[in-house]
Structure formats: C-alpha cells, structure tokens
Amino acid sequence: MSQPFDVAALAATYANKSPQDILKLAFEHFGDDLWISFSGAEDVVLVDMAWKLNKQVKVFSLDTGRLHPETYRFIDQVREHYDLPIEILSPDRSKLDPFVKEKGLFSFYKDGHGECCGIRKIEPLRRKLATVSAWATGQRRDQSPGTRSQVAALEIDSAFSTPERTLYKFNPLAQMSSEEVWGYIRMLELPYNSLHERGFISIGCEPCTRPVLPNQHEREGRWWWEESTQKECGLHAGNLISKG
C-alpha cells in the first residue's frame, strides 16, 4: 500500500522537534481526520496544544466502566475548559457481560490484565480507529523504560493497521519528561486529575492503579502484580511487538 509520506524519514526529521511541530505535521497531513486520545491524565497537555492549533480538534476518551470518580470528573472539566466535545468510547456489552458473569470483576489479579483490557479498552479502541486515518497519543519515553523508551514521534500503528488500511500514530509528547509536562500544566494552570494530589502518577482503571512511593517509577503504580516488561494494556501494543 502506497504511503502519503515517508514515515521513517519524517520520524527521523521530527525526532527532536517540539510537540507543536509534530502536531502541525499531523494536522497538515490529516486535518479533521486526526483524533486526539485523552486518557484523563497528563495528556491534557496534548489536548491543550492541539486545541491551540485547531479549535475543532477531535478528541476521544475510553470509558472502561472501571475508572476512578475523579477521572470522570476530570474528563468533564476538560470538556468544559475547552468547550470541546469529547467522544466517550464504551465496551461492547455483548462481550463485557458474559466475561463478567463468568470471571467476576477482579479476575485480572489471578490471570493477568490482558483479557479484561481487551474487552474494556482494545475492542472499543479498535472499533474507533477503524474509522480514522491517524491518531495522536500522550505517550512519553520516560513513562515506562520497559516498553516506551523507543517511542517515535511518528509511526505506522502496527497494532491497529490492517492489510487494507494503514493507520498513522503521532506521539507529540514522546520527548517530554514528567517534569516538563507538569511545568506546562502549572504554568498555564490547566485542569488536572485530582488523584495526582494523592500520589497517583500513571492513572488507569481504579482496581489496577495505585499511588507510588518516593523514588518509585510512575509505572510501578500500574498492574503492580505483573512483570514490568508487560505493562501495556494493548492500546500501545506495538511497543511490545517491536521488542519481540
């Protein structure tokens, strides 16, 4: 399948560019077909940057049904702050209900988070991404040394592309550190998830997220009962695939 641009060449060219430059590139090529993924954590920075470039930017967020109350309130804060509709993606009940009936609500502590994440996150995301050409995420290299240290500014999404359709993935914040992200949030007084005030850094579903201790890496607060090299829910499965 022919590509509209040379992904590898542009990824190299933009490796040290600013997040805004990467977003400008994304909008230049995909315009209104670019969607921003907002998880209810620090990627409010991504939403802010994208909104300042395009007031009609399209944003979606995954509602797994297991998020913290604070996260739901935060998503609504962001919606109001930018006067921006946020499309909420929910699990398919025809898949979720039988899973919960068979395994209950906490099976992931015994057999891993893969199946639950597959139903609550991956299937809704796959359904959404099947309708778009490109998306942008708030992934950063410093979020997880085990799986995200090689995150590129731009890539072909190996997890969600199909033989018939290439999906492009932009990671504008890849180079930013946690300190830089929070400097941006504080400087511009952006809304943020109140869980951050209680020691939560990386925020996901309530049963799979906990605060971290001083000097612990942020990813240690996610799926803490599993190996660090597997701490991806599948949204960014290409990070694991590329390491295989």
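For the protein chain, an unreviewed UniProt entry supplies the name Adenosine 5'-phosphosulfate reductase and the organism Pseudomonas kermanshahensis. Its UniProt record gives the protein chain the following Subcellular location (unreviewed entry) comment, quoted word for word: "Cytoplasm". Taken from UniProt, the Pathway (unreviewed entry) comment for the protein chain reads in full: "Sulfur metabolism; hydrogen sulfide biosynthesis; sulfite from sulfate."

**Considerations on the side chain of histidine 68**
Checked against the element boundaries, histidine 68 lands in the loop between strand 2 (58–62) and helix 4 (69–81). Given the relative accessible area of 5%, histidine 68 is considered buried. Apart from the residues lying within four places of it in its own chain, the contact partners of histidine 68 are Leu195, Phe200, Ile203, Gly204, Cys205, Glu206 and Thr209.

**Considerations on the pairing of strand 2**
The side chains of a regular strand alternate between the sheet's two faces. Judged by how many residues are buried, strand 2 sits mostly within the fold: four of five residues are covered. Pairing between strand 1 (residues 34–37) and strand 2: three bridges, direction parallel. Bridge pairing links isoleucine 36 to valine 59 in strand 2. Here four bridges tie strand 2 to strand 3 (residues 86–89), and the two strands are oriented parallel to one another. If you follow leucine 62 over to strand 3, its bridge partner there is leucine 89.

**Considerations on the packing of aromatic side chains**
Applying the stated rule across the entire model yields eleven aromatic pairs. With centroids separated by 5.4 Å and ring planes inclined at 35°, the aromatic side chains of phenylalanine 30 and tyrosine 168 adopt a geometry described as tilted. Of this pair, phenylalanine 30 sits in helix 2 (residues 19–30) while tyrosine 168 is found in strand 6 (residues 168–170), placing the two residues 138 residues apart along the sequence. Look at phenylalanine 30 and you get buried, because its relative accessible area is 13%. Aromatic rings pair up to connect Trp35, Phe60, Trp135 and Phe160 into one cluster. Sitting over the face of the ring of phenylalanine 106, arginine 66 holds its NZ or CZ atom 5.0 Å from the ring centroid.

**Notes on a nonpolar patch on the surface**
A surface patch of nonpolar side chains, amounting to about 280 Å² of accessible area, comprises Leu105, Phe106 and Tyr109. Summarising the element assignment, phenylalanine 106 is placed in the loop between helix 5 (93–103) and helix 6 (108–111).

**Some remarks on the side chain of serine 107**
Tracing the sequence through the fold places serine 107 in the loop between helix 5 and helix 6. Excluding its chain neighbours within four sequence positions, the residues that come into contact with serine 107 are Phe99 and Gly112.

**Looking at the nonpolar core**
Membership of the largest hydrophobic core comes to 40 residues, with the highest contact counts inside it found for Leu34, Ile36, Phe38 and Phe170. The contacts of isoleucine 36, once residues within four sequence positions are left out, are Leu23, Leu46, Val47, Ala50, Val57, Lys58, Val59, Phe60 and Ala136. By size, the runner-up hydrophobic cluster in this structure holds twelve residues, among which are Leu89, Val132, Trp135 and Phe160.

**Side note on the packing of helix 2 against helix 3 (residues 44–53)**
Interaxial distance between helix 2 and helix 3 falls to 10 Å at its minimum, and their mutual angle equals 55°. Judged by the angle between their axes, helix 2 and helix 3 are oblique. Pair helix 2 / helix 3 crosses with right-handed handedness. Within the contact between the two elements, helix 2 uses Pro19, Gln20, Leu23, Lys24 and Phe27 and helix 3 uses Leu46, Met49, Ala50 and Leu53. The class makeup of the residues in the contact of helix 2 with helix 3 is seven nonpolar, one polar and one charged.

Thresholds, definitions, all that
Residues numbered from 1 in each chain as written. Predicted model: local features only at pLDDT ≥ 70, side-chain atom pairs only at ≥ 80, totals over all residues. Heavy atoms only, no water. UniProt positions renumbered as here; feature names shortened; annotations may be inferred. Helix = DSSP H or I, 4+ residues; strand = E, 2+ residues; numbered from the N terminus. Buried < 20%, exposed > 50% of the residue type's maximum accessible area, 1.4 Å probe, protein only. Contact = heavy atoms within 4.5 Å. Pairing = 2+ DSSP bridges. Phe/Tyr/Trp six-rings, centres within 6.5 Å; stacked < 30°, edge-to-face > 60°. Lys NZ or Arg CZ within 6 Å of the ring centre and 35° of its normal. Patch = residues over 30% accessible without salt bridge, like charges linked within 9 Å, V, L, I, M, F, W, Y side chains within 5 Å. Areas by Shrake-Rupley, 256 points an atom, 1.4 Å probe, with all protein chains shown as cover. Salt bridge = Lys/Arg side-chain N within 4 Å of Asp/Glu carboxyl O. Core = buried A, V, L, I, M, F, W, Y, C linked by side-chain atoms within 4.5 Å. Axes fitted to C-alpha atoms, helices over the stretch in contact; angles between N-to-C directions. Parallel < 35°, antiparallel > 145°, perpendicular 65-115°, else oblique. Left-handed = near helix turned anticlockwise from the far one by under 90°. Nonpolar A, V, L, I, M, F, W, Y, C, P; charged D, E, K, R; others polar.

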